[in-house]
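Descriptive structure summary
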Amino acid sequence: GENVEQHPSTLSVQEGDSAVIKCTYSDSASNYFPWYKQELGKGPQLIIDIRSNVGEKKDQRIAVTLNKTAKHFSLHITETQPEDSAVYFCAASPSGGGADGLTFGKGTHLIIQP
Amino acid sequence: KAGVTQTPRYLIKTRGQQVTLSCSPISGHRSVSWYQQTPGQGLQFLFEYFSETQRNKGNFPGRFSGRQFSNSRSEMNVSTLELGDSALYLCASSQGPPGELFFGEGSRLTVL
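No experiment lies behind these values; they were computed from the predicted model shown. (Residues numbered from 1 in each chain as written. Chains lettered and ligands numbered in written order. Predicted model: local features only at pLDDT ≥ 70, side-chain atom pairs only at ≥ 80, totals over all residues. Heavy atoms only, no water.)

With 20 residues of chain A at the contact, the number on the chain B side is 21 residues. Overall, the association of chain A and chain B removes approximately 1600 Å² of surface from exposure, summing both partners, and the carbon and sulfur fraction of that is 55%. Our count for the contact surface shared by chain A and chain B stands at 3 residue pairs in polar contact (both at pLDDT 80 or more). Secondary-structure elements contributing two or more residues to the side of chain A that touches chain B are strand 4 (32-38) and strand 5 (45-51) of chain A. Per-element accounting of the side of chain A that touches chain B gives the leading share, 3 residues, to strand 4 of chain A. (Contact = heavy atoms within 4.5 Å. Buried area = accessible area lost by both parts, 1.4 Å probe. Polar contact = N/O pair within 3.5 Å; in protein donor to acceptor, adjacent residues only side chain to side chain. Helix = DSSP H or I, 4+ residues; strand = E, 2+ residues; numbered from the N terminus.)

In structure tokens:
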């Protein structure tokens, strides 16, 4: 089955700086790669996703890049703000997040230092 | 539009008991998935239902089961509870594959 590795487990950055979280996956059949943000006491919330026919996608301060050959994808957050502090999860799926479910990374605790 | 609703939010059970968790998906969503979240194992896929049919199941023992009703609401059941079943159980709904998964806030189960 699919295996998703996520690094780092904890990331501390100064407010206003950029943050980068990296994930690798093992199943070349995976074609859908979402990123979720989970705040304390809440369920994960989708912040951005990318499909395998796209190399990069951007939404305001958040961007995701995908390298299918190397089987890795990354989340980039620019101009970080205190409200960006949370746990971020990457995931992969061969069926667009449908019947096969999502395989998640172990998460990155992002800390924004004021 | 109301989000995914899970009940109960918190519950405490003892070993050997069983538990039933409920999930009401977003109106119009026909796919419901369940995930277990623990500090050690992270988020793990339990099963997925679409139009009352279980289409896939993760690597969990048969003590974990679920069902979906004609109105798309779903329940999951864990029988003969073990200490290791203590976790946050998350339900997610989707309009149908492929599609964005919308998660509820979860049901936190503590097994004593």
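Here the narrative resumes.
Our focus in this paragraph is the pattern of salt bridges. Following the criterion strictly, the structure yields 10 salt bridges over all chains and no others. Its salt-bridge partner being Arg63(B), residue Glu82(B) comes within 3.6 Å of it at the nearest N-O pair. In this pair, Glu82(B) sits in the loop between strand 8 (74-78) and strand 9 (87-94) while Arg63(B) sits in the loop between strand 6 (53-57) and strand 7 (64-68), placing the two residues 19 residues apart along the sequence. Linking Arg73(B) and Glu75(B) is a salt bridge whose minimum nitrogen-to-oxygen distance equals 3.4 Å. The class of Arg73(B) is partly exposed, set by a relative accessible area of 24%. Each member of the salt-bridge network shares a partner with another, and the members are Lys37(A), Glu39(A) and Lys42(A). (Salt bridge = Lys/Arg side-chain N within 4 Å of Asp/Glu carboxyl O. Buried < 20%, exposed > 50% of the residue type's maximum accessible area, 1.4 Å probe, protein only.)

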